[in-house]
Every structure is written in structure tokens, then in C-alpha cells.
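Residue strings, one per chain:
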Amino acid sequence: MNAECLSLQTPGDSTITLQRDKRLVAQQFSRAAHSYDQAAGIQLQVRNQLLSRLQRVNGPLFGHWLDIGCGTGQTLPRLHQLGAQQVCGIDLASGMISSARRFASPAIALLQADADQIPLADASCDGMFSSLMLQWSEQPYSTLREWVRVLKPGGTLALATLLPGTQQELLQAWRSIDDKPHVNNFISAADLQQALLQAGLRSVSRQQSLLQEHYDSLTSLLRNLKAIGATNVNPGRKSGLGGRRALLQLDNAYPRDRNGLLPLSYQVQWLLLRKE
């Protein structure tokens, strides 16, 4: 994908203008590969809950599983331990794939690839795991349709993604300063459900919850977002954060809890799905 916006239409999506350059997204996560595991508190919590739900609802795994958006690869040995004979980690960011190579083995492979164009045959995997990757897709129906193509009939998709309300405190604080995009848009639960159904996925288990982190300063909050690769790559963004004055305004506008800490919210949905 080039840096220009693309306007596409699919059977499940209305015409959507693609805003982000995937290369920038991959670059920001590559740069964060060395700091991701230490900073990704919420992300680790979401992933562990998804693994627990998969084990409880699905039972032992078998066959060939993919981890789409595998990041630093922490989930790959877990999927193998749960019973998958072969596990393949897929990520667009070269830095993440390099970090995940420490887990490579005869049973665990790695593939640098776009989740929208997986270079695997139709119906070639028994299951898929994807934690906090789908929200980076601007055409979730097309993305899910590609995943379903690779998934065997009756196969399982364990999915965790973010919904509106995520980073709402940061969004509201920036809105008091300017009208530039600073926080990603997130698909609604209703639109996500429609995309899943249209892609041919049936829900087996679904749960939604609000998770929060709290920071003692705006600096530590922004530093943590940078450390996990969740920086702003939206078109129309300002370069940098706008200077010291903008940061001071942001700090003054950011809400505090009763203890004076800065909350950052994540609206998470966990799903276990089957291919029809």
C-alpha cells in the first residue's frame, strides 16, 4: 500500500477510504519490538485472557494454528503447549518477527506477511489466534474474509480486539486542543458482529470488558504508548506531539482520578468463533 489514501468497496463493507500507510504501522511496531514485552501490560492481560478462554471453551488444540499479529512471539509456545502440532506466527513488522525468532523450532515457524494477504493455501489451518491486531484493519470484513479463506471448515478463530471507548481520555483531551487525528477509530461492536457473520464466522463465546491503566504523569503515559508501538500514524497528524506548549495543554486537559493518576481505558472484546 502506498502513502496515498485508497477508496475500496467490498460486498461486506461500504466504500471506505483507507487512511493509514501500512508501512508506517509496520515501522512503528518494528521500532517498539525491543521494548514491547516490558511495556505491554494491558496487551499481556488481554492475550492471557484469550488463551484461557480458548483452553476452557475449545479444549485441547490440534493440527496447524496461526497467530496473526504475533508480535514478539510470546503466544507461539503457548499454542504449541495447548496441543497444536504446528504453529505459525505472522506479523507485518520485521522487527517483531526478528524478536519472535527466539521461539522458532521444528514446531514453530515465522512468516513476515500482511494479514490481509496471507501467503497460505485455502483451508490450510485448523485454528487461528489473534490478539489486538484486528483493530489496525480499516476493512475488517475484507481482513476476516481472508482469514476465513485460510481456515478449515469448522476451524476456530480466537479473537481479541478493541472497540470504541478505547483511549477515550486521550481522545477527549486532544479534542480540547485541536481537531487533528490523534487516536485511531475503532469499529463498533455491532459492525464487528456484522463483519464476522458476513465473513462466515459463528460466535461460540463473546465477552466485553473495560480495562484501565493508570499513570503518574502524562510523560509516562505517552512513553508507554511509544514503547508498545501505539503511536499516531493517522493522515493529517502533526509531526511530533506539537511542542512543549501543546503537551502542557494536553496535560492540563487530561482527566485525573481521585488519586491524581491519569487513566487510560481499553474497551476489549474477546470472541471465540467457528467457520461455518
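Refer to the structure above for everything that follows.
This one's a predicted model, so the numbers in the text were calculated from it and none came from an experiment.

**Student:** Any chance you could explain the overall build of the protein here in plain terms?
**Tutor:** The helix and strand inventory of the protein stands at ten helices and nine strands. In the protein, of all internal contacts separated by at least 6 residues, the share reaching a separation of at least 24 is 75%. Accessible surface, the protein as shown: approximately 12,900 Å² in total, 49% of it carbon and sulfur.

**Student:** Would you mind showing me how to read the sheet that holds strand E9 (residues 262-275) here?
**Tutor:** Across a sheet, paired strands are connected by hydrogen bonds in the backbone, their directions being either parallel or antiparallel. Spatial strand order, E5-E4-E3-E6-E7-E9-E8: seven strands in an open sheet with mixed pairing. Of all the strands in the sheet, the pair left with one neighbour each is strand E5 (108-112) and strand E8 (201-215). Going from strand to strand, the sheet's axes swing by 15° on average, the running direction of each strand aside. Here 14 bridges tie E8 to E9, and the two strands are oriented antiparallel to one another. Within E9, the residue paired with Arg206 across the bridge is Leu271. Against the sheet, helix H6 (residues 140-150) makes contact with strand E3 (64-68), strand E6 (125-131), strand E7 (151-162), E8 and E9, and its axis sits at roughly 145° relative to E7, the strand it touches most.

**Student:** Mind showing me how you'd approach the environment of Leu144 here?
**Tutor:** With respect to the helices and strands, the residue Leu144 is situated in helix H6. We classify Leu144 as buried; its relative accessible area is 0%. Sequence separation between Leu144 and Asp116 is 28 residues, and the spatial gap between their C-alpha atoms is 8.2 Å. The residues touching Leu144, leaving out its near neighbours within four places in the chain, are Leu134, Leu157, Ala195, Leu196, Ala199 and Leu201.

**Student:** Quick question: what am I supposed to make of the packing of H6 against helix H8 (residues 189-199) here?
**Tutor:** The interhelical angle for the contact between H6 and H8, taken along N-to-C directions, is 35°, at an axis separation of 9 Å. Like other packed secondary-structure pairs, H6 and H8 cross with a definite hand, here right-handed. Contact with H6, carried on its side by Tyr141, Leu144, Arg145 and Val148, involves Ala195, Leu196, Gln198 and Ala199 of H8 and no other residues of that element. When its residues are assigned to classes, the contact of H6 with H8 shows six nonpolar, one polar and one charged.

**Student:** So what exactly am I meant to see when it comes to the nonpolar core here?
**Tutor:** One recurring pattern in soluble globular proteins is that nonpolar side chains are buried together. If you look at the biggest cluster of nonpolar residues, it comprises 50 residues, and the most contacted ones within it are Val46, Leu54, Leu170, Leu221, Tyr254, Leu264 and Tyr266. Within the second largest apolar cluster, 27 residues are counted, among which are Cys88, Trp147, Leu201 and Leu273.

**Student:** For this particular structure, what's the right way to read the pairing of strand E4 (residues 86-91)?
**Tutor:** Two faces, one strand: in a regular strand the side chains alternate between the faces of the sheet. Among the six residues in E4, five count as buried, and that is most of the element. Pairing analysis gives five bridges linking E3 to E4, with the strands arranged parallel. Within E4, the residue paired with Leu66 across the bridge is Cys88. The β-α-β motif built from E3, the intervening helix H4 (residues 75-81) and the parallel element E4 has right-handed crossover chirality. Following the backbone out of E4, through helix H5 (residues 94-100) and into the adjacent parallel E5, one traces a crossover that is right-handed.

**Student:** How should I be thinking about the pattern of salt bridges in this particular structure?
**Tutor:** Where side chains of opposite charge bring their charged atoms close, a pairing between them can arise. Going through the model one piece at a time under the given rule, you end up with seven salt bridges. Close ionic contact of Lys22 with Asp116 constitutes a salt bridge, the shortest N to O distance being 2.6 Å. In this pair, Lys22 is assigned in helix H1 (residues 22-32) and Asp116 in the loop between E5 and E6, connecting sequence segments 94 residues apart. Taking the shortest distance from any N to any O, the salt bridge between Arg149 and Glu146 comes out at 2.9 Å. Pair noted here: Arg149 and Glu146 are both in helix H6, with a separation of three residues, about one helical turn. Overall, the relative accessible area of 24% leaves Arg149 in the partly exposed class. What you see here is one network of salt bridges that share partners, running through Lys22, Asp114 and Asp116.

The rules we used
- Residues numbered from 1 in each chain as written.
- Predicted model: local features only at pLDDT ≥ 70, side-chain atom pairs only at ≥ 80, totals over all residues.
- Heavy atoms only, no water.
- Helix = DSSP H or I, 4+ residues; strand = E, 2+ residues; numbered from the N terminus.
- Contact = heavy atoms within 4.5 Å.
- Areas by Shrake-Rupley, 256 points an atom, 1.4 Å probe, with all protein chains shown as cover.
- Pairing = 2+ DSSP bridges.
- Axes fitted to C-alpha atoms, helices over the stretch in contact; angles between N-to-C directions.
- Buried < 20%, exposed > 50% of the residue type's maximum accessible area, 1.4 Å probe, protein only.
- Left-handed = near helix turned anticlockwise from the far one by under 90°.
- Nonpolar A, V, L, I, M, F, W, Y, C, P; charged D, E, K, R; others polar.
- Core = buried A, V, L, I, M, F, W, Y, C linked by side-chain atoms within 4.5 Å.
- Right-handed = clockwise from strand over helix to strand, strands pointing away.
- Salt bridge = Lys/Arg side-chain N within 4 Å of Asp/Glu carboxyl O.

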